[in-house]
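Survey of secondary and tertiary structure
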Amino acid sequence: MPRSSAIKTGTILKRNKTGPVRKRGVFPATFNPPTTAHLAIAEAAWRQHNLDEVHLVLSERPLDKDSVTRPTLDERVAVTRASVAQHRWAEVSVTSHQLLADIAADFDVLIMGADKWEQLHELRYYQSTDHMQMALASLPTLAIAPRAGSLLDIPAEVLLTLPADMTTISSTAARAGAVDLMTPAARAWADANGGWPQ
């Protein structure tokens, strides 16, 4: 039976001292490679949460991910930037943070896939159950993309609406040779480099 969890959904807008309120979302991922689902998730969050900006953020040392030597971080950043170049609301950056709570600290909405939602509920990342609940409560508004086969219920109030075919796409499958799942920029990098390394 899928598990479920309560999470706060209120949004706090941040104002620049010299500018208007801008509602900002952050989408942390390795983008290894960026896929059509990544783009669909970012755009769904932008539309459904009325965001002014969506920041696709790559971590220098992703939590629970094997070290990626090729493509390098700089190459993945470049490919991800090329993948979202047509979207005026999209930004790409790098962070030294690993924990989602730290990455999301200055944003109004935290965007993630169902796999990250499950990771957030794994006790091994926390000191105790109380610590986990406190960490979850500290997060900003969540925007969670459904994933086929997810083991953990996603509360309806934070669930993004996506086309059904986007819920089965994974970077793992793209690396394994399903290049049609990659963004055009990622496919171009793979074509120029003999494929996207697994």
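Refer to the structure above for everything that follows.
Some details on the packing of helix α2 (residues 73-83) against helix α7 (residues 184-192)
Orientation of α2 relative to α7, taken along the N-to-C sense of each, is 140°, at an axis distance of 7 Å. Taken as axis vectors, α2 and α7 run oblique relative to one another. Between α2 and α7, the residues in contact are E75, V79, A82 and S83 and A185, A186 and W189, respectively. Tallied by class, the residues present in the contact of α2 with α7 amount to five nonpolar, one polar and one charged.

Considerations on the sheet that holds strand β4 (residues 53-59)
With parallel pairing, five strands are arranged side by side in an open sheet as β5-β4-β3-β6-β7. With partners counted over all chains shown, the strands left at the sheet margins are β5 (90-95) and β7 (141-145), one partner each. Neighbour-to-neighbour, the strand axes of this sheet turn through a mean angle of 25°, independent of strand direction. Examined bridge by bridge, β4 and β5 share six bridges and lie parallel to one another. Considered in β5, the bridge of L58 is made with V94. Sheet contacts for α2: β4 and β5; angle to β4, the most-contacted strand, approximately 160°.

Description of the pairing of strand β3 (residues 24-28)
Within β3, four of the five residues are buried, which leaves the element mostly enclosed by the surrounding structure. For β3 and β4, the ladder comprises five bridges, and the chain directions are parallel. What sits directly across from G25, in β4, is V54. For the segment spanning β3, helix α1 (residues 36-48) and β4, crossover handedness is right-handed.

A closer look at the packing of aromatic side chains
Scanning all chains against the criterion turns up three aromatic pairs. The interplanar angle of 80° and the centroid separation of 5.5 Å between the aromatic rings of F27 and F31 together place this pair among those described as edge-to-face. The buried category is assigned to F27, whose relative accessible area is 3%. The interplanar angle of 55° and the centroid separation of 4.9 Å between the aromatic rings of W189 and W196 together place this pair among those described as tilted.

What to know about unusual backbone geometry
Going from N32 to P33, the amide bond is cis rather than trans, its omega being 0°. Looking at the secondary structure, you find P33 in the loop between β3 and α1. The backbone of N50 sits at a positive phi, close to 50°, despite the residue not being glycine. Within the secondary structure, N50 is located in the loop between α1 and β4.

Conventions and cut-offs
Here the residue numbering is sequential within each chain, running from 1 through the sequence in written order. Per-residue local features of the predicted model are confined to residues with pLDDT of at least 70, and side-chain atom pairs are confined, for both listing and counting, to 80 or more; whole-chain, interface and lining totals are unaffected and use all residues. The side-chain quantities take in all heavy atoms of the structure and omit both hydrogens and water. In this analysis an axis means a line fitted to C-alpha atoms, helices contributing only their contacting stretch, and an angle means the value between N-to-C directions, from 0 to 180 degrees. For helices the rule is a DSSP run of H or I covering at least 4 residues; for strands it is a run of E covering at least 2, with both sets numbered from the N terminus onward. Angles are sorted into four bins: roughly parallel if under 35 degrees, roughly antiparallel if over 145, roughly perpendicular if 65 to 115, and oblique for all others. Contacts between residues were defined by any pair of non-hydrogen atoms, one from each residue, lying within 4.5 Å. For this classification, the nonpolar set comprises Ala, Val, Leu, Ile, Met, Phe, Trp, Tyr, Cys and Pro, the charged set comprises Asp, Glu, Lys and Arg, and every other residue, Gly included, is treated as polar. What makes two strands pair is DSSP finding at least two bridges between them. Remark: exposure states derive from per-residue accessible area (1.4 Å probe, protein chains only) relative to the maximum for the residue type, with buried under 20%, exposed over 50%, and partly exposed in between. When the strands point away from the viewer and the path from the first strand over the helix to the second turns clockwise, the crossover is right-handed. The rule is short: rings of Phe, Tyr and Trp, with Trp giving its six-membered ring, pair when the centres are within 6.5 Å, and they are stacked under 30 degrees, edge-to-face over 60, tilted in between.

Worth remembering: the numbers are spatial, not functional.
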